[in-house]
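Read off the chains here:
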Amino acid sequence: MQSHSLDVDIHIVLNDICFGAAHVDDLFPFFLRHAKQIFPVLECKDDLRKISDLRIPPNWYPDARAMHRKIIFHSGPTNSGKTYHAIQKYFSAKSGVYCGPLKLLAHEIFEKSNAAGVPCDLVTGEERVTVQPDGKQASHVACTVEMCSVTTPYKVAVIDEIQMIRDPARGWAWTRALLGLCAEEIHLCGEPAAIDLVTELMFTTGEEVEVRDYKRLTPISVLDHALESLDNLRPGDCIVCFSKNDIYSVSRQIEIRGLESAVIYGSLPPGAKLAQAKKFNDPNDPCKILVATDAIGMGLNLSIRRIIFYSLIKPSINEKGEKEMEPITTSQALQIAGRAGRFSSQFKEGEVTTMNREDLGLLKEILNRPVDPIRAAGLHPTAEQIEMFAYHLPDTTLSNLIDIFVDFSQVDGQYFVCNMDDFKFSAELIQHIPLSLRVRYVFCTAPINKKQPFVCSSLLQFARQYSRNEPLTFAWLRRHIKWPLLPPKNIKDLVDLEAIHDVLDLYLWLSYRFMDMFPDGSVIRDLQKELDTLIQDGVHNITKLIKISETRKLLNLESFPSERQSQLSGVLRSQARRARGAKAVGSKAAEPPSPDAGELSLASRLVQQGLLTPDMLKQLEKEWMTQQIERNRERGESETHSKGTRRKKEPDSD
């Protein structure tokens, strides 16, 4: 009653309520007015619902709806020839587009097409290659699926790995290609699990689907016994791990057994993956074992005799963006297992087993389950839709706009809205930088590994430079990445180089969207090739890097005082002489020290040269600590004895 901060009309109503002249419900209009100020969405929710209505995606592509397309689904397991037959149609057509899930696959089709005399351009997020001397577009193009044009007319289109239409993060790209490509014939390659969904989606566009079934070209069998020990490895074996730490551990153990292994994992640049695949496939190379993640499931031609699952538990991200640790799905197991005994490799029969005996039963159960049919296809809000949202909600951040869009969106049962956590992560990262909405949207769609701090900070720095209207030149980027870079000396160095490679990828990706502000794409590509060579050398010597990293971690050498390192070196030298003698009697001579060996501690150099193992170093540290304790005890006893002697002599001296 005595408040002076209330509006006059509210004050009057409250006064009337207090004296019984009004009802509490009379406050509702004032509450509603307040709510609309706090939540502007309430003022325009009907408009927002219309904008975020995703129930009829086929209508987004009028050019494709204006033509009658022939849809052919090439269905079959891995190594069944389904993609081969689709690609032959692509080669023989007057014009065509290939849409693949990986840069490696787009590169492969690009090279095969040009080798077959069919001029073909390459388009990925980070690269554009035109083969015509005059710079005109070729009749054929190989691209990553996100980069395909839905306005260019083609005779034939190939969409590879169509089952990825269910992918929680990238599924929208396959949906867009399937509904939007303007091609007279569209050839889909993938698992049978996608047939029903594709047929339903094409029914809504009035297009029929012709299904062609393929059988595996070479037999594959699940063994009745697990590997159990790395001593049982044979040439042509591939150990599949689902974490980098397992990759490091297994490759180190293989090296200790005197065998050489190739290493392939997801964050390796494409050039390094191809180099490791070539090394493993070369019959004249001593490397006969492959240690890899599920990155081998697509995009690489490998000559594998036997797939060995080191574990069956794989971390994954669900549709809510939550991390889960669950056994691999039947689809994933079949994709990986199918890499053994491929038709084009030297091994015509494939085998599959596990590392641990207790996993073998679960593997058989997973492989024998029917693959769950795909229920829904992914969708993603467009820049135009987000701009219309921003028009109605001008003071809302981009991250919140995405949340509101997802909340308001309406989809049919055949679709789902893809997980946008990575987009929101980037939006929140650069939120404080003044950018137009369209530019901010483009920066947020840039593919980055958010687990790499340097990559994230680089995105932030790129956006800040852009907002200042300062071009990001070759000289600026060299300073940013501290070029020239040194070869990796341990695993941390190798991971850092991979992160820098990702930063160069990010620059190239942005250079095709903002050419004026990222003007030095061609020079950066040359720089990236040099970096690729450094990474390839590091991966080639990965077991040495692992040994050095293990030693430093084991002895915590970085934090050792110099005095203690020199004392430890004395113990190591005598042990090293004994180890060198044993090594000479054993397999091969010790390797000469590397040029930069002088920069490493003696312990690191001995491990790098294969003269010591981590177990020996543990024992040496124990011995050295024991010696130190004994010396301190002896020193303490001698000091006590000398003090006692002096006390006895003191009366005589008096």
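This text goes with the structure placed above it.
The text that follows walks through the structure, step by step, so that each part is easy to find. (Residues numbered from 1 in each chain as written. Predicted model: local features only at pLDDT ≥ 70, side-chain atom pairs only at ≥ 80, totals over all residues. Heavy atoms only, no water.)

### Side note on the overall build of the protein
Piece 1. Regarding its fold elements, the protein presents 24 helices and 18 strands.
Piece 2. Of all 654 residues assigned to the protein, the portion counted as buried reaches 47%.
Piece 3. Counting only contacts in the protein whose residues sit at least 6 apart along the sequence, the fraction spanning at least 24 positions is 74%.
Piece 4. Of the roughly 32,900 Å² that the protein leaves accessible, carbon and sulfur atoms contribute 53%. (Helix = DSSP H or I, 4+ residues; strand = E, 2+ residues; numbered from the N terminus. Buried < 20%, exposed > 50% of the residue type's maximum accessible area, 1.4 Å probe, protein only. Contact = heavy atoms within 4.5 Å. Areas by Shrake-Rupley, 256 points an atom, 1.4 Å probe, with all protein chains shown as cover.)

### Considerations on the nonpolar core
Piece 1. Membership of the largest hydrophobic core comes to 124 residues, with the highest contact counts inside it found for Leu-181, Leu-188, Phe-443, Phe-462, Phe-514, Phe-518 and Leu-531.
Piece 2. With 12 residues, the single largest contributor to this core is helix 19 (residues 491-511).
Piece 3. Non-local contacts of Phe-443, meaning those with residues more than four positions away in its chain, are made with Ile-430, Leu-435, Leu-459, Phe-462, Ala-463, Tyr-466, Leu-510, Phe-514 and Phe-518.
Piece 4. Within the second largest apolar cluster, 27 residues are counted, among which are Val-240, Phe-242, Leu-302 and Ile-304. (Core = buried A, V, L, I, M, F, W, Y, C linked by side-chain atoms within 4.5 Å.)

### Some thoughts on helix 8 (residues 195-205)
Since there are 3.6 residues in each turn of an α-helix, residues three or four apart along the chain are aligned in direction.
Piece 1. Taken together, the buried positions of helix 8 are Ile-195, Leu-197, Val-198, Leu-201, Met-202 and Thr-205. Buried positions in helix 8, seen along its axis, are confined to an arc of 165° and lie on one side of it. Summarising the geometry of helix 8, the exposed residues directed more than 90 degrees from the buried face are Asp-196 and Phe-203.
Piece 2. Of the residues one or two after helix 8, Gly-206 is the one with positive phi, at around 80°. (Arc of directions from axis to C-beta.)

### A short note on unusual backbone geometry
Piece 1. Along the chain, Trp-483 connects to Pro-484 via a cis peptide bond; the corresponding omega equals 5°.
Piece 2. Despite not being glycine, Glu-228 has its phi angle at roughly 70°, a positive value.

### Some details on the pattern of salt bridges
Piece 1. This structure, assessed with the given rule, holds 27 salt bridges.
Piece 2. The residue Arg-55 makes a salt bridge to Asp-53 at a minimum N-O spacing of 2.7 Å.
Piece 3. Asp-53 gets classed as partly exposed once you look at its relative accessible area, which sits at 24%.
Piece 4. Between Glu-365 and Arg-369 there is a salt bridge, and its shortest N-O distance comes to 3.2 Å.
Piece 5. Arg-369 sits in the partly exposed class, given a relative accessible area of 36%.
Piece 6. Among the charged side chains, a salt-bridge network with shared partners connects Asp-7, Asp-9 and Arg-33. (Salt bridge = Lys/Arg side-chain N within 4 Å of Asp/Glu carboxyl O.)

### Brief notes about the sheet that holds strand 13 (residues 306-309)
Piece 1. Pairing is parallel in the open sheet, where six strands are placed in the order 9-16-13-10-12-11. With one partner strand each, in any of the chains shown, strand 9 (220-222) and strand 11 (261-264) form the two edges of the open sheet. Pairs of neighbouring strands in the sheet enclose a mean axial angle of 20°, with direction left out of account.
Piece 2. Alignment of strand 10 (residues 237-240) against strand 13, held across four bridges, turns out to be parallel. Directly across from Val-240, in strand 13, lies its bridge partner Phe-309.
Piece 3. Of the strands in this sheet, strand 10, strand 11 and strand 12 (289-292) touch helix 10 (residues 270-281), which is tilted by about 150° from strand 11.
Piece 4. Sitting on the sheet, helix 12 (residues 357-368) is in contact with strand 9, strand 13 and strand 16 (350-354), with an inclination near 130° to strand 16. (Pairing = 2+ DSSP bridges. Axes fitted to C-alpha atoms, helices over the stretch in contact; angles between N-to-C directions.)

### Overview of the pairing of strand 1 (residues 70-75)
Side chains on a regular strand alternate between the two faces of the sheet.
Piece 1. Of all six residues in strand 1, five are buried, a share of seventy percent or more.
Piece 2. By the bridge criterion, six bridges tie strand 1 to strand 7 (residues 182-190) in an arrangement that is parallel. If you follow Ile-72 over to strand 7, its bridge partner there is His-187.
Piece 3. Both strand 1 and strand 8 (residues 209-213) contribute to a ladder of five bridges, which runs parallel. Across the sheet, the residue bridging to Ile-72 is Glu-210, located in strand 8.

### Some details on the environment of Tyr-248
Piece 1. Here Tyr-248 lies in helix 9 (residues 244-256).
Piece 2. Residue classification places Tyr-248 among the buried positions, given a relative accessible area of 11%.
Piece 3. Setting aside its immediate chain neighbours within four residues, Tyr-248 contacts Ile-491, Val-495, Ile-542 and Ile-546.

### As for the side chain of Thr-124
Piece 1. Examined against the element boundaries, Thr-124 turns out to sit in the loop between strand 3 (120-123) and strand 4 (128-129).
Piece 2. Excluding its chain neighbours within four sequence positions, the residues that come into contact with Thr-124 are Lys-103, Ala-106, Thr-144 and Met-147.

### Let's talk about a nonpolar patch on the surface
Piece 1. A surface patch of nonpolar side chains, about 300 Å² in accessible area, is lined by Phe-28, Phe-31 and Leu-32.
Piece 2. Structurally, Phe-28 is set in helix 2 (residues 28-38).
Piece 3. For Phe-28, a relative accessible area of 48% corresponds to the partly exposed category. (Patch = residues over 30% accessible without salt bridge, like charges linked within 9 Å, V, L, I, M, F, W, Y side chains within 5 Å.)

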